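# Summary of the model geometry
If you want the building blocks of each chain, they are given just below.
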Amino acid sequence: MAAALLASIAVAADDDPAEIPDEGIDATITGADFGGAAPLPTSRTIRHWSSETTNGDNGVTYRYNMVGADPSTDGSAVIGVDIIPLNVTVAGHEFNGSQITNAVLASPLFSTSFTVQTSTGPATVPYSYVSTAAASNALGGPGPGGSLSPGNSGVQLLDATMRAQFNKIGSPFYHLVLDPAVHDPVSINVPDDQGTIVTSPVGVTMANLDMKWFRTRIQNQLGRLNYLDPTRLALFLTYDVLVTTDGTLGTVVVGAHGAGPATGNGNGNVLADGNQPVQTFVWGSWLSTGFFSRNRMWAIQDIHSLSHEIVSWAVDPFVTNTVQPWFVARSMQYGCSDLMETADPVAGLGFVIGSHNFDVNRFSEHRYHPSDQVFLPWFMRSDPQTQSVQHDPSVGRFTFLGDLNQVKDAAGNRIFQQAATGC
């Protein structure tokens with residue numbers, strides 16, 4: 001199945017995105033419980049490794065599962081990804097995930113390079129994480145860029161993040177690679193009482209679906225799609241679709257990940273004798289620029305929600321990894337959380353990389369906006385010296401953005417330049 005490539009509308013000289021007034025929706029982005037499932041040692045599921053870390057604050061040893069090969073072995077893993085575009089129709093409007101599939105495939109989620117036009121024709125340029133042209137400021141608006149992850153280039157986003165987290169940037173051996181396959185779209189017709197459309201003041205429209213109803217639609221596909229394989233990630237892709245619990249835009253969800261019994265493809269009884277398959281899955285939405293507030297939610301566009309969920313899935317594939325409870329005032333929507341969800345503490349913060357021509361409205365910066373991610377030492381209140389360094393070679397990093405993460409607490413301290421605090 002070939003997805004249609006969206007044509008880009010060029011931004012006029014007087015439509016500089018930096019000069020766009022802040023007329024987007026100012027909402028709170030939060031997570032959603034799409035379910036989890038702990039695998040047994042004999043379960044058929046995604047390739048993963050297990051380890052444990054002793055928390056430097058409370059002395060408790062926490063065990064966790066992560067996708068791929070154990071970094072301590074310097075091994076590599078290639079994980080297959082089944083991309084299932086969801087073509088959603090609500091109130092007579094179509095929001096087709098199939099329309100944006102090529103944009104996602106070309107993004108740093110699945111590609112290691114991108115194409116640019118030069119005076120002599122098209123040229124291929126590796127995605128580079130060495131520096132970034134812009135990153136979120138302390139309030140979540142667009143801020144200056146700078147040095148990001150020296151030595152990290154020519155790899156996928158997840159690979160770059162995991163290599164930074166485990167100080168493997170210089171290793172020629174450790175990699176975590178995603179290998180995508182695109183399937184025919186699944187059509188979802190939304191009943192009138194389960195969804196509506198919402199439009200920002202600058203005219204960008206999205207679908208707003210009831211969370212419980214939409215969660216059931218996702219979970220149902222785990223048993224209906226016969227090609228699903230529990231050793232591969234199932235990625236449900238939507239375009240400008242968000243979900244809420246009460247229909248209002250006070251708090252919205254734009255992605256989730258989970259795990260559950262896999263009954264398709266002859267996987268058999270979910271109550272099998274310890275060898276039952278466990279399917280991990282992600283739902284994420286490509287988000288058009290101009291819907292969310294530029295001053296506070298600048299990075300929440302294009303692949304932001306997808307990157308948030310895919311990296312979180314890799315670090316906690318079965319939604320079973322727990323840690324000492326943490327709380328971040330900027331992300332208070334998560335409350336006092338004990339989940340090792342790497343993007344939740346830094347929700348809405350991100351940076352730019354590469355370039356693209358897939359958005360169709362005049363507000364696009366034509367750059368991808370991945371999410372920041374916190375690293376294991378942040379959760380474990382441990383010394384980050386074994387992690388990839390920030391700008392100062394003597395200081396380890398607690399998030400992928402490192403020093404570029406400017407968020408401060410009420411006392412003026414950089415929240416993510418130190419380990420997590422309690423609740």
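The residue count restarts for each chain, going from 1 along the sequence in the order it is written. The model is predicted, so local features are restricted to residues of pLDDT at least 70 and side-chain atom pairs to those at 80 or more, both for listing and for counting; the totals for chains, interfaces and linings are taken over all residues. Only hydrogens and water are set aside; all other atoms, that is, all heavy atoms of the structure, feed into the side-chain values.

## Comments concerning the overall build of the chain
As a reminder of what qualifies: Comment: elements are numbered from the N terminus, with helices defined as DSSP H or I runs of at least four residues and strands as E runs of at least two. Here the term buried applies to any residue with accessible area under 20% of the maximum for its type, exposed to any over 50%, and partly exposed to those in between, with areas from a 1.4 Å probe on protein chains only. By definition, residues are in contact when any of their heavy atoms lie within 4.5 Å. Residue exposure ignores everything except the shown protein chains as possible cover, and the areas themselves are Shrake-Rupley values with a 1.4 Å probe.
Secondary structure assignment for the chain yields six helices and 20 strands. Buried positions account for 56% of the 423 residues belonging to the chain. Long-range pairs, those at least 24 residues apart, make up 69% of the contacts in the chain between residues at least 6 apart in sequence. A total of about 16000 Å² of accessible surface is found on the chain, and carbon and sulfur atoms cover 50% of it.

## Remarks on the pairing of strand β12 (residues 195-199)
Condition: Here, any two strands with at least 2 DSSP bridges between them count as paired.
Bridge analysis of β12 against strand β13 (residues 205-210) gives five bridges, and the strand direction is antiparallel. Its bridge partner lying in β13, glycine 195 is registered against leucine 209. Here β12 folds back onto β13, and the loop between the two strands holds five residues, one of which, glycine 203, carries a positive phi near 95°.

## Things to note about the environment of phenylalanine 400
Turning to its location among the elements, phenylalanine 400 is positioned in the segment after α6 (376-380). The sequence separation of phenylalanine 400 and threonine 161 amounts to 239 residues, and the corresponding C-alpha distance is 6.6 Å. If we skip the residues at most four places from it in the chain, phenylalanine 400 touches Tyr129, Leu148, Ser149, Asn152, Ala160, Thr161, Ala164, Phe351, Asp372, Gln373 and Phe375.

## Some words on the environment of valine 60
Position of valine 60 among the secondary structure elements: in the loop between β2 (48-54) and β3 (61-67). Overall, the relative accessible area of 37% leaves valine 60 in the partly exposed class. Along the backbone, valine 60 and valine 323 are 263 residues apart, and their C-alpha atoms lie at a distance of 9.1 Å. Other than its neighbours up to four places away in sequence, valine 60 contacts Thr53, Thr54 and Asn55.

## A word on the nonpolar core
As a reminder of what qualifies: In plain words, nonpolar cores are sets of buried Ala, Val, Leu, Ile, Met, Phe, Trp, Tyr and Cys residues tied together by side-chain atoms within 4.5 Å.
Counting residues in each nonpolar core, the largest one holds 75 residues, and the members touching the most others are Tyr129 and Trp313. If you tally residues by element for this core, the top one is helix α5 (residues 304-315), at six residues. Those residues in contact with tyrosine 129 that lie beyond four places of it in its chain are Pro108, Leu148, Ser149, Asn152, Ser153, Val155, Gln156, Leu157, Ala160, Phe351, Ile353 and Phe400. With 26 residues, the next largest nonpolar core counts Leu86, Met211, Ile218 and Leu228 among its residues.

## Here we look at the state of the cysteines
Working definition: the covalent bond between the sulfur atoms of two cysteines is a disulfide. Keep this limit in mind: By definition, disulfides here are pairs of cysteine sulfur atoms that lie within 2.5 Å.
One pass over the structure, following the stated rule, counts one disulfide. Paired by a disulfide, cysteine 336 and cysteine 423 hold their sulfur atoms 2.0 Å apart. Between cysteine 336 and cysteine 423, the S-S dihedral sits near 90°, and the bridge is therefore right-handed. Of this pair, cysteine 336 sits in the loop between β19 (322-326) and β20 (337-339) while cysteine 423 sits in the segment after α6, and the two are 87 residues apart along the sequence. Look at cysteine 423 and you get exposed, because its relative accessible area is 58%.

## What to know about the pattern of salt bridges
Rules: Whenever Lys or Arg places a side-chain nitrogen within 4 Å of a carboxyl oxygen from Asp or Glu, that contact is recorded as a salt bridge.
Applying the stated criterion across every chain, the model contains five salt bridges. In this structure, glutamate 365 engages arginine 367 in a salt bridge whose closest nitrogen and oxygen atoms are separated by 3.5 Å. Under the relative-accessibility criterion, glutamate 365 is labelled buried at 14%. In the salt-bridge network here, residues are joined through shared partners; they are Arg294, Glu365 and Arg367.

## Topic: the sheet that holds β12
Rules: Orientation is described by axes fitted as lines to C-alpha atoms, over the contacting stretch for helices, and by angles from 0 to 180 degrees between their N-to-C directions.
Strand order in the open sheet formed by three strands is β12-β13-β15, with mixed pairing between adjacent strands. Sheet topology places β12 and β15 (241-244) at the edges, where each strand pairs with a single neighbour. Strand-to-strand, the axes of this sheet are offset by a mean angle of 35°, without reference to chain direction. Bridge analysis of β13 against β15 gives four bridges, and the strand direction is parallel.

## Quick notes on the side chain of aspartate 82
Relative to the helices and strands, aspartate 82 resides in strand β4 (residues 76-90). Setting aside residues no more than four positions away along its own chain, aspartate 82 makes contact with Ala181, His183, Tyr227, Leu228, Asp229, Arg232, Leu233, Ala234 and Leu235.

## Some details on the environment of isoleucine 83
Within the secondary structure, isoleucine 83 is located in strand β4. Isoleucine 83 has contacts with Leu105, Phe110, Pro180, Ala181, Val182, His183, Leu235 and Leu237, leaving out every residue within four places of it along the chain.

## Some points on α5
What counts is decided by this rule: Under the convention used throughout, the expected extent of a helix is 1.5 Å for every residue step, that is, one less than its residue count.
Along its 12 residues, α5 runs 17 Å from first to last C-alpha, staying within 8% of the 16 Å computed at 1.5 Å per residue. When you tally the buried positions in α5, you get 12 out of 12 residues, the bulk of the element. Turning to α5, its buried residues number three or more, namely His304, Ser305, Leu306, Ser307, His308, Glu309, Ile310, Val311, Ser312, Trp313, Ala314 and Val315.

## Some details on the packing of aromatic side chains
Rule in force here: In this scheme Phe, Tyr and Trp rings, the latter by its six-membered ring, pair at centre separations within 6.5 Å, and the angle between planes marks the pair as stacked below 30 degrees, edge-to-face above 60, and tilted otherwise.
Taken as a whole and assessed by the stated rule, the structure comprises 13 aromatic pairs. A ring pair is formed by tryptophan 49 and tyrosine 64, whose centres lie 6.3 Å apart and whose planes are at 80°; its orientation type is edge-to-face. With tryptophan 49 in strand β2 and tyrosine 64 in strand β3, the pair connects residues that are 15 residues apart, well separated along the chain. By relative accessible area, which is 8% here, tryptophan 49 ends up buried. Aromatic rings pair up to connect Phe114, Tyr127, Trp286 and Tyr368 into one cluster.

## A short note on the packing of helix α2 (residues 157-165) against α5
Condition: Note on angle classes: values under 35 degrees are labelled roughly parallel, values over 145 roughly antiparallel, values of 65 to 115 roughly perpendicular, and the remainder oblique. For a crossing to be left-handed, the near helix must be turned anticlockwise from the far one by less than a right angle; the clockwise case is right-handed. Throughout this entry, Asp, Glu, Lys and Arg are counted as charged residues, while Ala, Val, Leu, Ile, Met, Phe, Trp, Tyr, Cys and Pro are counted as nonpolar. The remaining residues, Gly among them, count as polar.
Two elements in contact, α2 and α5, have axes separated by 10 Å at closest approach and are oriented at 50°. With respect to each other, α2 and α5 are oriented oblique. Note that α2 runs across α5; the crossing there is right-handed. Between α2 and α5, the contacting residues are Leu157, Leu158, Thr161, Met162 and Gln165 on the first element and Ser307, Ile310, Val311, Trp313, Ala314 and Val315 on the second. When grouped by side-chain class, the residues that make up the contact of α2 with α5 number eight nonpolar, three polar and no charged.

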